[in-house]
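# Structural overview for review
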Amino acid sequence: MIVTLLTDFGTADYFVAAMKGVILGRAPGAAIVDVTHEVPPQQVEDAAFTLLAAYRAFPAGTVHVAVVDPGVGSARRAVVVDAGGHRFVGPDNGLFGWVIEREGGARVFHVTRGEHFRRPVSATFHGRDVFAPVAAALASGVLPDELGPEIRDFVRLPSLRPRRHDDGSLEARVLHVDRFGNVVTGFTADDLPPDFGASPFRIVAGEGEIRTLRRFYAEPGAESGEPFAIWGSAGFLELVSFRGSAAERLGLRRGDPVVIAFD
Amino acid sequence: MIVTLLTDFGTADYFVAAMKGVILGRAPGAAIVDVTHEVPPQQVEDAAFTLLAAYRAFPAGTVHVAVVDPGVGSARRAVVVDAGGHRFVGPDNGLFGWVIEREGGARVFHVTRGEHFRRPVSATFHGRDVFAPVAAALASGVLPDELGPEIRDFVRLPSLRPRRHDDGSLEARVLHVDRFGNVVTGFTADDLPPDFGASPFRIVAGEGEIRTLRRFYAEPGAESGEPFAIWGSAGFLELVSFRGSAAERLGLRRGDPVVIAFD
Amino acid sequence: MIVTLLTDFGTADYFVAAMKGVILGRAPGAAIVDVTHEVPPQQVEDAAFTLLAAYRAFPAGTVHVAVVDPGVGSARRAVVVDAGGHRFVGPDNGLFGWVIEREGGARVFHVTRGEHFRRPVSATFHGRDVFAPVAAALASGVLPDELGPEIRDFVRLPSLRPRRHDDGSLEARVLHVDRFGNVVTGFTADDLPPDFGASPFRIVAGEGEIRTLRRFYAEPGAESGEPFAIWGSAGFLELVSFRGSAAERLGLRRGDPVVIAFD
């Protein structure tokens, strides 16, 4: 059974190792995969995007643990989400919001039965004492609905879907800037006309205006360094620059608006 | 069998992978877990704290390899420590000092029998050629006392236990500053009065004075950002600040003194 | 079966996890080891050195995936290399050049048969859609020559072998600067006289001239901090400084020339 981990814990401290120790102690055969531990501290939406981009590469049945948890110790709930054949474990603060939005029929369970928890439960490290043990239980065959009641009032995130302006243009947001400075926008192929790229368009984002859609980074013409658009590997439209950071060139950060207008 | 790795090698070079290759070549079923490889270069005490905080989350029988080894190639000894049901492998320079202090009945063995080493043994990389093969041997069932004689003059670290001043105040040190800027002090619950927090106290540390103990980060009242104390997940008293770095606010670094006075 | 991964993807994004998800979904028992994901973006030679230094620590049969791939999506080929009992998967851009130079009888195959690919193949992420699935196939018993035809015109790297000057001195390059500031040069023991170190020599590199060869970092005399030479763990001559960065002291970077003269 595969268990993935996604946190804002960094890799310099003992936190991630402690979670893995708990999981391997309770689910000895588990294959543990780090998604990332470099989510900027307490940035729930950034984690939600990374999880959304990663989970479908894993086989059905994978247990995904996500811990970006500014409310640890408070009354915020622990949840298990059953969506698209995958299970997700973490705090109820929106981390799984975009997976739930994408997958039809997701079910969310409030983890109220504590017999799997590691005791005593630290008030500051539910990753080790609540979420890792619950993940190990799921990986060992415990079903989500054995952990607590299904709920419908779980915390949601702002929808990923673009907003349509009166002039026909569409507005989405920057979801993520990756290591290479590529800017992942909220636009998917479903949001744009089927022939997108064939007829003129303008993407207005930060200090730039982009009118070119290419198929890959090294496509002839890209060497100029001028930013262009591309369909990224996570299924979203990305703004990129050949061997350079489009985010820097365009002055864009996560959350900034991106508008596509059709002439 | 689980083998954990803790080094100051970073993750940009081939060092950690080479250790894993050797372990998996000799103990094919081993589950290898990284504790961290971001110990500041050659900071033995920092590594000793991280190991102390991590090991108990792993099941008994786990083999923990720690390599922070400024003396590699010199006459410093290689040791295996048997403590609390766990095994530890590394140079004899204090790395396991705090585990040994905590666990009653720890036994330390000087690794003199070299038949498990990878040949030729590089004078600069015992992690790959000595410690990884010894860890693989332990994970494969070799017993610590088969590797060399038990010793009592192993290298120790300064005790974690606080010092008592004449005025009744207690002094410990900053053991670690974590990714979030939380300041881990040397105080455990055993060092302080059973009702600690119920009656007035003052923690004098760096540029600050702290009089509040809270249960978790997001507890009401914490939003001000004013640093407060909390029982951390490693069992030590921590100085923290809600969504901010207490270390920065208080001007504290590893090794700095922290005094608790009772009025 | 062991699968190693070496990329310039960093660890903050979902890229590495997506590759692991694909591998574990298709080769469920695989043990995946990260070599590094911190290759400077698109620096093929830096990756080639790290792979060269790491692969021999792994047992024969290991599958090594390397993805530093500025040409992704273009006509650059995907290759599988069979060398020294190991298999290598990645783009045909020189990544495996130094492994091929070292191992006699390496064979290189152009991956033309796409039935193992993950569909649809993203034009920007062959790591997930081409190289990870091919690695999983190899780990599951598919043979290199079942994936496509053998080729001889694969991309090579400049030879690692030093150049001999008319005055008898030898010139190599800096292959890598590691986390500790140690400077790995291209000289191996085979390139230098058998008694190297016994008679006088001068290493001219950057702003320095080095006349001392030591056996390990902490050898008596090294405390001065003066840079010296040492045989490094990857089999190359390294320029190092005790508890300091030789690269900084000497003003050296990857690619810089290093000359050894014999007096």
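Residues numbered from 1 in each chain as written. Chains lettered and ligands numbered in written order. Predicted model: local features only at pLDDT ≥ 70, side-chain atom pairs only at ≥ 80, totals over all residues. Heavy atoms only, no water.

## Focus: the overall build of chain A
As a reminder, the rule being used: Under the DSSP-based scheme used, a helix requires at least four consecutive residues in state H or I and a strand at least two consecutive residues in state E, with every element numbered from the N terminus. Note that the radius of gyration is over C-alpha atoms, with the globule rule given as 2.2 Å times the number of residues to the power 0.38. Any residue under 20% of the maximum accessible area for its type is buried, any over 50% is exposed, and the rest in between are partly exposed; the area is computed with a 1.4 Å probe on protein chains only. Residue contacts are counted whenever heavy atoms from the two residues lie within 4.5 Å of one another. All accessible-area figures derive from a Shrake-Rupley calculation using a 1.4 Å probe, and residue coverage is judged against the displayed protein chains alone. Only four residue types enter the charge count: Lys and Arg as positive, Asp and Glu as negative, with His and the chain ends excluded. Lys charges are placed at NZ, Arg charges at CZ, Asp charges at CG and Glu charges at CD.
Of the regular secondary structure elements, chain A holds five helices and 16 strands. Against the compact-globule benchmark of 18 Å for 263 residues, chain A has a radius of gyration of 20 Å, which places it among compact chains. Referenced to the eigenvectors of the C-alpha coordinate spread, the extents of chain A come out at roughly 60 × 40 × 30 Å. Taken over 263 residues, chain A has a buried fraction of 60%. Considering only intrachain contacts with a sequence separation of at least 6, the fraction spanning at least 24 residues in chain A is 68%. Just so you have it, chain A exposes about 10000 Å², and 48% of that area is on carbon and sulfur atoms. Side-chain charges of chain A comprise 27 positive and 33 negative groups, with the mean position of each set lying 4 Å from the other.

## What to know about the pairing of strand E5 (residues 86-91) of chain A
All names here are of chain A. To keep it simple, the criterion reads: For two strands to count as paired, DSSP must find a minimum of two bridges between them.
Burial runs high along E5: six of the six residues are buried. Inspection of the sheet shows strand E4 (residues 78-83) paired to E5 by six bridges, in the antiparallel sense. By the bridge assignment, Asp82 is partnered in E5 with Arg87. Between the end of E4 and the start of E5, which pair antiparallel, lie two residues, with Gly84 showing a positive phi angle near 60°.

## Notes on the pairing of strand E13 (residues 228-231) of chain B
Residue and element names in this part refer to chain B. Summarising the sheet, E13 and strand E14 (residues 236-240) pair through four bridges and their orientation is antiparallel. Each residue of the ladder has a partner; that of Ile230, found in E14, is Glu238. Once E13 ends, the chain turns through four residues before running back antiparallel as E14, passing Gly235 with a positive phi of about 95°.

## Here we look at helix H4 (residues 126-139) of chain A
Residue and element names in this part refer to chain A. To be explicit about the condition: A residue's bend is simply the angle between two axes: one fitted to the seven residues ending at it, one to the seven starting at it.
Along its length, H4 reaches its greatest deviation from straightness, about 30°, at Ala132, and the proline Pro133 lies no more than four positions downstream. Among the 14 residues of H4, 14 are classified as buried, and the element is accordingly described as predominantly covered. Phi turns positive, to about 110°, at Gly141, one or two residues after H4.

## Considering the interface of chain B and chain A
Keep this limit in mind: Simply put, the buried area is the total loss of 1.4 Å probe accessible area from both parts when two parts are fitted together. The term salt bridge refers to a pairing of a side-chain nitrogen on Lys or Arg with a carboxyl oxygen on Asp or Glu at a separation within 4 Å.
Facing the 30 residues of chain B at the interface are 31 residues of chain A. Interface area, chain B with chain A, both sides summed: about 2400 Å², of which 58% is carbon and sulfur. Of all residues in chain B, Arg179(B), Phe180(B) and Ser233(B) bury the most surface against chain A, accounting for 28% of the area lost on that side. The interface formed by chain B and chain A holds zero salt bridges in total.

## Here's the deal with the packing of aromatic side chains
The geometry of two aromatic rings is summed up by the distance between their centres and the angle between their planes. Selection criterion: Working definition: rings of Phe, Tyr and Trp (its six-membered ring) pair if their centres are within 6.5 Å, and the pair is stacked with planes under 30 degrees apart, edge-to-face with planes over 60 apart, and tilted otherwise. Comment: the charge-over-ring label is applied if NZ (Lys) or CZ (Arg) is within 6 Å of the ring centre and within 35 degrees of the ring normal.
Summed over the entire model, instances satisfying the criterion amount to 39 aromatic pairs over all chains. Seen in terms of ring centroids, Phe88(B) and Phe96(B) are 5.8 Å apart; in terms of plane orientation they differ by 50°. Their pairing is tilted. Residue class for Phe88(B) comes out buried when judged on its relative accessible area of 0%. A ring pair is formed by Phe196(C) and Phe262(C), whose centres lie 6.4 Å apart and whose planes are at 85°; its orientation type is edge-to-face. A residue pair is termed long-range when its members are at least 10 positions apart, and Phe196(C) in the loop between strand E10 (183-188) and strand E11 (201-205) and Phe262(C) in strand E16 (residues 257-262) qualify at 66 residues. The rings of Phe9(A), Tyr14(A), Phe15(A), Phe125(A), Phe49(B), Phe180(B) and Phe236(B) are connected pair by pair, giving a single aromatic cluster. Between Arg156(A) and the ring centre of Phe154(A), over which it is positioned, the NZ or CZ distance is 4.0 Å. Directly above the aromatic system of Phe228(C) lies the positively charged group of Arg214(C), at a separation of 4.8 Å from the ring centroid.

## Observations regarding the environment of Glu207(C)
Residues and elements named next belong to chain C. Within the fold, Glu207 resides in the loop between E11 and strand E12 (208-210). Owing to a relative accessible area of 68%, Glu207 belongs among the exposed residues under this scheme. It is 8.0 Å that separates the C-alpha atoms of Glu207 and Arg249, two residues lying 42 residues apart in sequence. Not counting the four nearest positions on each side in its chain, Glu207 is found in contact with Arg249, Leu250 and Gly251.

## Re the pattern of salt bridges
Scanning the entire structure with this criterion turns up 44 salt bridges over all chains. Residue Arg113(B) is joined to Glu115(B) by a salt bridge in which the shortest nitrogen-to-oxygen separation is 2.6 Å. Notably, a salt bridge pairs Asp46(C) with Arg254(C), separated by 3.1 Å at the nearest N-O pair. One end of the pair, Asp46(C), is in helix H2 (residues 44-54); the other, Arg254(C), is in the loop between helix H5 (246-250) and E16, and 208 residues separate them in sequence. With a relative accessible area of 9%, Asp46(C) lands in the buried category. Taken together, the salt bridges that share partners define one network made up of Arg77(A), Asp92(A) and Asp153(A).

## Brief notes about unusual backbone geometry
Residue and element names in this part refer to chain B. Here the amide bond leading from Arg119 into Pro120 is cis, since omega sits at -5°, within 30 degrees of zero. Its identity as a non-glycine residue notwithstanding, Gln42 has a phi of 70°, on the positive side. For Gln42, the position within the fold is in the loop between strand E2 (31-36) and helix H2 (44-54).

## Focus: the relation of the copies chain A and chain C
Formally: When the copies are overlaid, the least-squares fit takes in C-alpha atoms only where the residue has pLDDT of at least 70 in both copies.
Its rotation angle being 120°, the transformation that places chain A on chain C also includes 0.0 Å of axial translation and leaves an RMSD of 0.0 Å. Here the transformation between the copies is reduced to the relation of a three-fold axis. When C-alpha distances to the rotation axis are compared across chain A, the minimum falls at Ala31(A), with a value of 4.9 Å. Mapped onto chain C, only 3% of the interface residues of chain A are again interface residues, and the two copies thus contact each other with different surfaces.

## Concerning the sheet that holds strand E1 (residues 2-7) of chain C
Residues and elements named next belong to chain C. We count it as follows: Convention adopted: a line fitted to C-alpha atoms gives each axis, helices being fitted over their contacting stretch, and angles between N-to-C directions are expressed from 0 to 180 degrees.
Judged by pairing direction, the sheet is mixed, and its seven strands sit side by side in the order E2-E1-E3-E5-E4-E6-E7 without closing on themselves. Each having just a single partner strand, strand E2 (31-36) and strand E7 (150-151) make up the two edges of the open sheet. The sheet contact formed by strand E6 (residues 107-110) and E7 spans two bridges and is antiparallel. Across the sheet, the residue bridging to Phe109 is Glu150, located in E7. Contacts from helix H1 (residues 15-26) reach E1, E2 and strand E3 (63-67), with the element oriented near 160° to E1.

## Focus on the relation of the copies chain B and chain A
For the pair chain B and chain A, the superposition axis carries a translation of 0.0 Å, the fit reaches an RMSD of 0.0 Å, and the rotation angle comes to 120°. Residue by residue, only 3% of the interface of chain B is reproduced at the interface of chain A, so the copies engage with different surfaces.

## A short note on the nonpolar core
To keep things clear, this is the line we draw: In this text, buried Ala, Val, Leu, Ile, Met, Phe, Trp, Tyr and Cys residues form a nonpolar core when linked through side-chain atoms within 4.5 Å.
Within the largest apolar cluster, 71 residues are counted, with the highest numbers of intra-cluster contacts made by Phe96(A), Val3(C) and Val65(C). Per-element accounting of this core gives the leading share, nine residues, to helix H4 (residues 126-139) of chain C. Excluding anything up to four places from it in sequence, Phe96(A) contacts Leu51(A), Ala66(A), Val79(A), Val81(A), Phe88(A), Val89(A), Gly90(A) and Pro91(A).

## Brief notes about the confidence of the model for chain A
Stated formally: As a per-residue measure, pLDDT reflects the predictor's confidence and takes values from 0 up to 100.
Mean pLDDT for chain A: 95, with 100% of residues reaching 70 or above. Across the whole predicted complex the pTM is 0.96, and at the interface the ipTM reaches 0.96.

## Some words on the sheet that holds strand E4 (residues 78-83) of chain B
Spatially, E2-E1-E3-E5-E4-E6-E7 (chain B) is the arrangement adopted by the seven strands of the open sheet, whose pairing is mixed. The sheet is open, and its two edges are formed by E2 and strand E7 (150-151) of chain B, each paired on a single side. Two strands pair when backbone bridges link them, and E4(B) and strand E6 (residues 107-110) of chain B are joined in this way by four bridges, in the antiparallel orientation. The residue of E6(B) that forms the bridge with Val81(B) is Val108(B). The sheet strands contacting helix H1 (residues 15-26) of chain A are strand E1 (2-7) and E2 of chain B, and the helix crosses E2(B) at an angle near 155°.

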